[in-house]
Amino acid sequence: MTKTNWIVNKEIDIRNFDSIINNTLIEEVDVLNRSTRGFSAKQYDLYNHKDKFKVVIDDIKRELRKINNSVNYNLVSAWTVIGEENSYHLVHRHNEANVNHISTITYLKVPKSNTHQTGNFYYFLNENDNVSYGSVAPKKGTFIVMPVNLLHGSYPQAKGIRQTLNMDFEIVK
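The paragraphs below set out a description of the structure included in this document. Bear in mind the structure is a predicted one, so any value in this text is a computation, not a measurement.

## As for the environment of Leu108
Turning to its location among the elements, Leu108 is positioned in strand E7 (residues 101-109). For Leu108 and Lys139, which are 31 residues apart along the polypeptide, the C-alpha to C-alpha distance reads 8.4 Å. Each residue touching Leu108, except ones within four places of it in the same chain, is listed here: Ile14, Phe17, Asp18, Ile21, Lys140, Gln163, Thr164 and Leu165.

Below you can see the structure in the form of structure tokens.
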């Protein structure tokens, strides 16, 4: 999984994830220097409180093992983002240099929308200097796995709450 030009998109069972995560919302992060945008968008660090959501971490690791069972996954960062209407993410990457890390995004809440691509997750793959664009229309339970250095973001969302659980893992062989 150290190749940097891939993405996995699947649906997973997230029963109770949002209630467990929302009971861990202690440490709000200043989003000024982050990709999170929107007047009401909030971001919370979860990593420093990982003992409170260990069951969720274990479930995510179990999902990762379904993708690649030949490695172990060590959590290196975790946060949740809660956005309301017109919140979005600038194009960004989580870590430019470390190809031994992967990022996961799990959609806990997604507003309903009738417009094309409102709130979609987008990403860019680069193969032989040909950049291709992809987009995912997330639903509750959408689970995205990608290299930490993959450029990605999200379009402004519709009215309602969108919440993601974001976790980066070190791949340990």
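Picking up where we left off.
## Remarks on the sheet that holds strand E12 (residues 162-172)
Taken together, 7 strands build an open sheet; the order of strands is E1-E10-E7-E12-E5-E4-E2 and the sheet is antiparallel. Edge strands, defined here as strands with exactly one partner in the open sheet, are strand E1 (8-11) and strand E2 (27-29). Neighbour-to-neighbour, the strand axes of this sheet turn through a mean angle of 25°, independent of strand direction. Direction of pairing for E1 relative to strand E10 (residues 142-147): antiparallel, over a ladder of 4 bridges. Its bridge partner being in E10, Asn9 is matched across the sheet by Ile144.

## A few points about the nonpolar core
Membership of the largest hydrophobic core comes to 23 residues, with the highest contact counts inside it found for Phe53, Ile60, Leu64, Ile102, Leu165, Met167 and Phe169. Mapped by element, the contributors of at least two residues to this core are helix H1 (17-22), helix H2 (54-67), strand E5 (72-83), E7, E10 and E12. In contact with Leu64, other than residues within four places in its own chain, are Tyr73, Ile102, Thr104, Phe143, Val145 and Phe169. One finds Ile105, Tyr107, Tyr123 and Ile144 within the second-largest nonpolar core, a separate group that totals 9 residues.

Procedures and definitions
- Residues numbered from 1 in each chain as written.
- Predicted model: local features only at pLDDT ≥ 70, side-chain atom pairs only at ≥ 80, totals over all residues.
- Heavy atoms only, no water.
- Helix = DSSP H or I, 4+ residues; strand = E, 2+ residues; numbered from the N terminus.
- Contact = heavy atoms within 4.5 Å.
- Pairing = 2+ DSSP bridges.
- Axes fitted to C-alpha atoms, helices over the stretch in contact; angles between N-to-C directions.
- Core = buried A, V, L, I, M, F, W, Y, C linked by side-chain atoms within 4.5 Å.
- Buried < 20%, exposed > 50% of the residue type's maximum accessible area, 1.4 Å probe, protein only.

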